[in-house]
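Overview (structure and organization)
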Amino acid sequence: MGKPYTQPTAGITGHSTAFRTSPMRCTPLVAHETVGPDILISGFLQPIPDLTPIIPSVNETSAIDPTVTPDDARILFFYKAWDPYGAFSNFSPYPLHMTDENGVYLTWPSVEHYYQAHKFIGVNDPLARDCIEKIKSSKSPEEAAREGRKIQKQCPDLVRPDWETAKIDVMYKALKCKFSIYPHLNSLLLSTAGSVLVEASPYDLFWGGGREGEGLNYLGRLLMQLRSEFLGESLTSSESSSEHCNL
Ligand SMILES: Nc1c(N[C@@H]2O[C@H](COP(=O)(O)O)[C@@H](O)[C@H]2O)[nH]c(=O)[nH]c1=O
């Protein structure tokens, strides 16, 4: 059994966009100053999309799909690819075969490659296209993450302007593909029904749960959302899995 998990709230604390600077002008979207013991925040805070975790209960799960054996732990933490449930990590090496927005068939070595490259997709600049290729051909998810983060930091003008609002959808598409084309990953995800999934990243307070559950855990939330969708589909569909995704 894991420790009780407090659902993250969509507050200011830990939200990675709160102090984002505008890539073009490098002026802060949000300013903060310390006034005595308080922090005064002014400016426009981007709304956090509503993504309530959908956690089917053990009973619901068995009713929807009797073949699923729900895990008895209430919280399942995952982080490094080699840990138990490490297959849920974006750094686990499962290639994605997907068509892009122009219908071109592409293979990405991992979710992390896809996610990092999509920071620069749609930007009309040959440099952005080079960055995408560089990330796509990175030898490991770690290298892809390093590259993507480095370019984002050093050349913010190359990041697509809608990235902060688009990134959840980008991640959702990649995860949907990953858990659709690998039947054993789909089964693993379904086997956790009834448990809360948390990416145990101590540093990433957007995708991860943080050290004390203070992170927003968007990766865990997306996985739980997908799990519910797959459980629902398993009732209505007899379709076999495909080896690539048209998203
Ligand atoms: N699993 C895992 C990490 N977490 C992943 O990092 C990504 C967020 O990247 P960014 O938006 O650029 O900060 C996202 O895929 C999140 O799940 N980070 C790591 O350095 N090592 C790791 O093993």
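The structure presented is a predicted model; accordingly, all values stated were derived computationally and were not measured.

Calculation rules
- Residues numbered from 1 in each chain as written.
- Predicted model: local features only at pLDDT ≥ 70, side-chain atom pairs only at ≥ 80, totals over all residues.
- Heavy atoms only, no water.
- Near = heavy atom within 4 Å.
- Polar contact = N/O pair within 3.5 Å; in protein donor to acceptor, adjacent residues only side chain to side chain.
- Areas by Shrake-Rupley, 256 points an atom, 1.4 Å probe, with all protein chains shown as cover.
- Helix = DSSP H or I, 4+ residues; strand = E, 2+ residues; numbered from the N terminus.
- Nonpolar A, V, L, I, M, F, W, Y, C, P; charged D, E, K, R; others polar.
- pLDDT = per-residue confidence, 0-100.
- Contact = heavy atoms within 4.5 Å.
- Buried < 20%, exposed > 50% of the residue type's maximum accessible area, 1.4 Å probe, protein only.
- UniProt positions renumbered as here; feature names shortened; annotations may be inferred.
- Phe/Tyr/Trp six-rings, centres within 6.5 Å; stacked < 30°, edge-to-face > 60°.
- Lys NZ or Arg CZ within 6 Å of the ring centre and 35° of its normal.
- Disulfide = S-S within 2.5 Å.

Re the site of the ligand
Near the ligand you find 15 residues, and of these Asn-90, Glu-112, Tyr-115, Lys-119 and Arg-149 are the closest. Contact between the ligand and Lys-80: an oxygen atom at 3.0 Å from a side-chain N or O atom of the residue. For the ligand, an oxygen atom lies 2.9 Å from a polar atom in the side chain of Arg-149. Burial of the ligand by the protein amounts to 85% of the accessible area it has alone, namely 520 Å². It is helix α2 (residues 111–117) that contributes the most residues to the shell around the ligand, 3 residues altogether. By residue class, the composition of the shell around the ligand is 6 nonpolar, 3 polar and 6 charged.

Topic: the confidence of the model for the protein chain
In the predicted model, the protein chain carries a mean pLDDT of 81, and 67% of its residues have values of at least 70. Taken as a whole, residues 1–28 scores under 50 in pLDDT and shows 57 contacts with residues more than four places along the chain or in a different chain.

A word on the side chain of Glu-164
As for its placement among the helices and strands, Glu-164 is situated in helix α5 (residues 163–181). Assessed through its relative accessible area of 15%, Glu-164 is described here as buried. Within the structure, the side chain of Glu-164 is placed 2.9 Å from the side chain of Lys-167, a separation counted as a polar contact.

Quick word on the UniProt feature "domain: NADAR" (unreviewed entry) in the protein chain
Cross-referencing UniProt, the feature "domain: NADAR" (unreviewed entry) maps to residues 77–230 in the present numbering. The span residues 77–230 is 47% helical and 9% strand by assignment, and the distance between its end C-alpha atoms comes to 21 Å.

Regarding the packing of aromatic side chains
Tallied over the full model, the rule gives 9 aromatic pairs. Judged by centre distance (5.7 Å) and plane angle (85°), the ring pair of Phe-78 and Phe-88 falls under edge-to-face. Of this pair, Phe-78 sits in strand β3 (residues 75–78) while Phe-88 is found in the loop between β3 and β4 (96–99), placing the two residues 10 residues apart along the sequence. Pairing Phe-206 with Trp-207 gives two aromatic rings, centres 5.0 Å apart and planes at 85°, and the pair type is edge-to-face. Assessed through its relative accessible area of 6%, Trp-207 is described here as buried. Grouped by ring-pair contacts, the aromatic residues Tyr-115, Trp-163, Phe-206, Trp-207 and Tyr-218 constitute a single cluster. Above the plane of the ring of Trp-108 lies Lys-136, whose end atom (NZ or CZ) is 5.5 Å from the centre. Of note, Arg-221 hangs over the ring of Tyr-218, and the distance from its end group to the ring centre comes to 4.6 Å.

Concerning the state of the cysteines
A full pass over the atoms with the stated rule returns 1 disulfide. The residue that forms a disulfide with Cys-177 is Cys-245, at a sulfur-sulfur distance of 2.3 Å. The disulfide joining Cys-177 to Cys-245 has a torsion of about 90° about its S-S bond and is therefore right-handed. Of this pair, Cys-177 sits in helix α5 while Cys-245 is found in the segment after α7 (218–236), placing the two residues 68 residues apart along the sequence. Accessibility assignment for this pair places Cys-177 and Cys-245 in one class, buried. Unpaired in terms of disulfides, Cys-131 finds its nearest cysteine sulfur in Cys-155, a separation of 6.3 Å. In this structure Cys-155 comes out as partly exposed when scored by relative accessible area, which is 32%.

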